[in-house]
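Here is what each chain is made of, one letter per residue.
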Amino acid sequence: MNAAGVRHILETIGNMFPDAKCELNHANAFELTIAVLLSAQCTDATVNKVTADLFRKYKSPADYTAVPLEELEHDIRRIGLYRNKAKHIQSLCRILIEQYGGEVPSEHDELVKLPGVGRKTANVVVSNAFGVPAIAVDTHVERVSKRLGLAGWKDSVLEVEKKLMKQVPKEEWTLTHHRLIFFGRYHCKAQNPQCQVCPLLDVCREGRKRMKTMQVRKDKEINSK
């Protein structure tokens, strides 16, 4: 896609969701890291319900390591994969205490070394907590990017990230990340996307296909009457 096409997409989505931001509630880099870790295969809304109590009880890495694993598991039991995530949280907190003075490192390369922290989580943390431009590719960003032709259908998550970084100006990476998430979460959903009212239908491969399929079905229904 050429630069003009990319700019059209970015500006359209920007007009639709000008106030897009991280929806995980947090007060600092440490809380954000825990929240993003918990959000894997789980909605932000559910994570926020759990962390409302969790962040009142646990203020520092030492607080998480001071309780039995079973207690932490119980505290996050409403989260999917809570047992594995509880183990990751305690292991992560021990490393923060032993190697980083209890603070979350601001470098991407250091973050991905922590248990339960992958590339996406690290990108979210560095961009939102430390102001470092980054594009975190979650399921929404991946889906939207492929539907709009910003990435190929068979591209891996890393390939999608690299293509977005190449096409989007660096100073817009973080904002674009949030806007793509909002677009995918509230408009271009995995199931029942709002193609019929989408201002980007003209550049959306899947949208045009869906609308054509819907029209064929309507024509068949009319002809069968």
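Our subject is the structure that appears above.
These lines cover the structure that appears in this document, whether it is placed above or below. The shown structure was predicted, so the numbers you read here are calculated from the model rather than taken from an experiment.

**Describing the nonpolar core**
Okay, step 1: Counting residues in hydrophobic clusters, the biggest one holds 35 residues, and the most contacted among them are Leu54, Tyr64 and Leu72.
Okay, step 2: Mapped by element, the contributors of at least two residues to this core are helix H2 (29–38), helix H3 (44–57), helix H6 (82–99) and helix H8 (119–129).
Okay, step 3: At 8 residues, the largest contribution of residues to this core is made by H2.
Okay, step 4: Dropping the residues within four chain positions of it, leucine 54 is found in contact with Ile34, Leu38, Tyr64, Leu72, Asp75 and Ile76.

**Side note on the environment of leucine 150**
Okay, step 1: Along the chain, the position of leucine 150 falls in the loop between helix H9 (139–147) and helix H10 (157–167).
Okay, step 2: Distance in space between the C-alpha atoms of leucine 150 and isoleucine 9 is 9.3 Å, their sequence separation being 141 residues.
Okay, step 3: The residues touching leucine 150, leaving out its near neighbours within four places in the chain, are Met1, Val6, Ile9, Ser145, Lys163, Leu164 and Gln167.

**Some details on the packing of H2 against H3**
Okay, step 1: Viewed as axis vectors pointing N to C, H2 and H3 meet at an angle of 140°, and their least axial separation amounts to 10 Å. On the basis of the axis angle, H2 is oblique to H3. Crossing hand, H2 versus H3: right-handed. Two secondary-structure elements touch here, H2 through Glu31, Ile34, Ala35 and Leu38 and H3 through Val47, Thr51, Leu54 and Phe55.

**Things to note about H9**
Okay, step 1: Within H9, 7 of the 9 residues are buried, which leaves the element mostly enclosed by the surrounding structure.
Okay, step 2: Listed in full, the buried residues belonging to H9 are His140, Val141, Arg143, Val144, Ser145, Lys146 and Arg147.
Okay, step 3: Measuring from the side-chain oxygen of the N-cap residue of H9 to the backbone nitrogen of histidine 140 gives 3.1 Å; that N-cap residue is aspartate 138.
Okay, step 4: A positive backbone phi angle near 80° is found at glycine 149, which sits one or two residues after H9.

**A closer look at helix H11 (residues 173–186)**
Okay, step 1: In this model, H11 (14 residues) spans 20 Å end to end at C-alpha, consistent with the 20 Å of a helix rising 1.5 Å per residue.
Okay, step 2: Burial of H11 is extensive: 11 of the 14 residues sit out of reach of the surface.
Okay, step 3: When we look at burial in H11, the residues that qualify are Trp173, Thr174, Thr176, His177, His178, Arg179, Leu180, Ile181, Phe182, Phe183 and Gly184.
Okay, step 4: Buried residues along H11 sit in contact with helix H1 (3–16), H8, H9 and H10.

Procedures and definitions
- Residues numbered from 1 in each chain as written.
- Predicted model: local features only at pLDDT ≥ 70, side-chain atom pairs only at ≥ 80, totals over all residues.
- Heavy atoms only, no water.
- Core = buried A, V, L, I, M, F, W, Y, C linked by side-chain atoms within 4.5 Å.
- Buried < 20%, exposed > 50% of the residue type's maximum accessible area, 1.4 Å probe, protein only.
- Helix = DSSP H or I, 4+ residues; strand = E, 2+ residues; numbered from the N terminus.
- Contact = heavy atoms within 4.5 Å.
- Axes fitted to C-alpha atoms, helices over the stretch in contact; angles between N-to-C directions.
- Parallel < 35°, antiparallel > 145°, perpendicular 65-115°, else oblique.
- Left-handed = near helix turned anticlockwise from the far one by under 90°.
- Polar contact = N/O pair within 3.5 Å; in protein donor to acceptor, adjacent residues only side chain to side chain.
- Expected span 1.5 Å × (residues − 1).

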